[in-house]
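Structural overview
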Amino acid sequence: MKNSKPITLSTMFRNKHAAKVLDLLLQGWNHDFSAREMIDNTKLAKQTLYKTIYDLKIQQLIVETRKIGRLRMYSVNKDSPKIQALIKFQEGVIGDINS
């Protein structure tokens, strides 16, 4: 049975802020994002996003990929077993549900 609303990581995790950021970064996992791009795409407040980035970096789920002047770019930590599991989960289970 097809759900009317697609299931995303943000609907599955308690911390919806982290899930929204991970959703974005996992959808564009070959791309890195600035904080401004993440704010625009997740609709999180600036301070909330920066706290979420800090928390995800501590958990080693995201990494700072590069700096362009004062601008910092972030991406998922592709070496993290947790991220690798989330990618498989998102491609497999969530992909099947949303099909």
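As a starting point, this report considers the structure included with it. (Residues numbered from 1 in each chain as written. Predicted model: local features only at pLDDT ≥ 70, side-chain atom pairs only at ≥ 80, totals over all residues. Heavy atoms only, no water.)

Once that is clear, we can look at the overall build of the chain. Along the chain, the regular secondary structure elements total five helices and three strands. Shown N-terminal to C-terminal, the secondary structure of the chain runs as helices and strands in the order α-α-β-α-α-β-β-α. Taking contacts inside the chain between residues at least 6 apart in sequence as the whole, the part at least 24 apart equals 50%. Summed over all atoms, the accessible surface of the chain reaches about 6700 Å², with 53% contributed by carbon and sulfur. (Helix = DSSP H or I, 4+ residues; strand = E, 2+ residues; numbered from the N terminus. Contact = heavy atoms within 4.5 Å. Areas by Shrake-Rupley, 256 points an atom, 1.4 Å probe, with all protein chains shown as cover.)

Turning next to the sheet that holds strand 2 (residues 62–68). Read across the sheet, three strands follow the order 1-3-2 without closing on themselves; strand pairing throughout is antiparallel. The sheet is open, and its two edges are formed by strand 1 (33–34) and strand 2, each paired on a single side. Sheet topology note: the strand 1/strand 3 (residues 71–76) ladder contains two bridges and is antiparallel. In the sheet register, Phe33 faces strand 3, and the bridge partner there is Tyr74. Helix 4 (residues 46–58) contacts strand 2 and strand 3 of the sheet and is inclined by roughly 120° relative to strand 2. (Pairing = 2+ DSSP bridges. Axes fitted to C-alpha atoms, helices over the stretch in contact; angles between N-to-C directions.)

One ladder, built from six bridges, connects strand 2 with strand 3; its direction is antiparallel. The residue of strand 3 that forms the bridge with Glu64 is Tyr74.

In this structure, Asn77 sits in the loop between strand 3 and helix 5 (81–98). Using a relative accessible area of 14% as the deciding quantity, one classes Asn77 as buried. A distance of 3.0 Å separates a polar side-chain atom of Asn77 from the backbone oxygen of Gln60. In contact with Asn77, not counting residues within four places along its chain, are Gln60, Leu61, Ile62, Val63 and Ile83. (Buried < 20%, exposed > 50% of the residue type's maximum accessible area, 1.4 Å probe, protein only. Polar contact = N/O pair within 3.5 Å; in protein donor to acceptor, adjacent residues only side chain to side chain.)

Moving on, we get to the nonpolar core. In summary, soluble globular proteins display a tendency toward joint burial of nonpolar side chains. Residues Met38, Leu49 and Ile83 are the most contacted members of the largest nonpolar core, which totals 21 residues. Elements that contribute at least two residues to this core include exactly helix 2 (16–27), helix 3 (35–42), helix 4, strand 3 and helix 5. The leading source of residues in this core is helix 2, at six residues. Ignoring any residue separated from it by four or fewer positions in sequence, one finds Met38 in contact with Val21, Leu24, Leu25, Phe33, Lys43, Leu49, Ile53 and Tyr74. (Core = buried A, V, L, I, M, F, W, Y, C linked by side-chain atoms within 4.5 Å.)

Positive phi is not limited to glycine here, since Lys43 has a value of about 65°. Here Lys43 lies in the loop between helix 3 and helix 4. You can call Lys43 exposed: its relative accessible area is 67%. You will see that Gln60, though not glycine, has its phi angle at about 60°, which is positive.

This is a description of form; function is not addressed.
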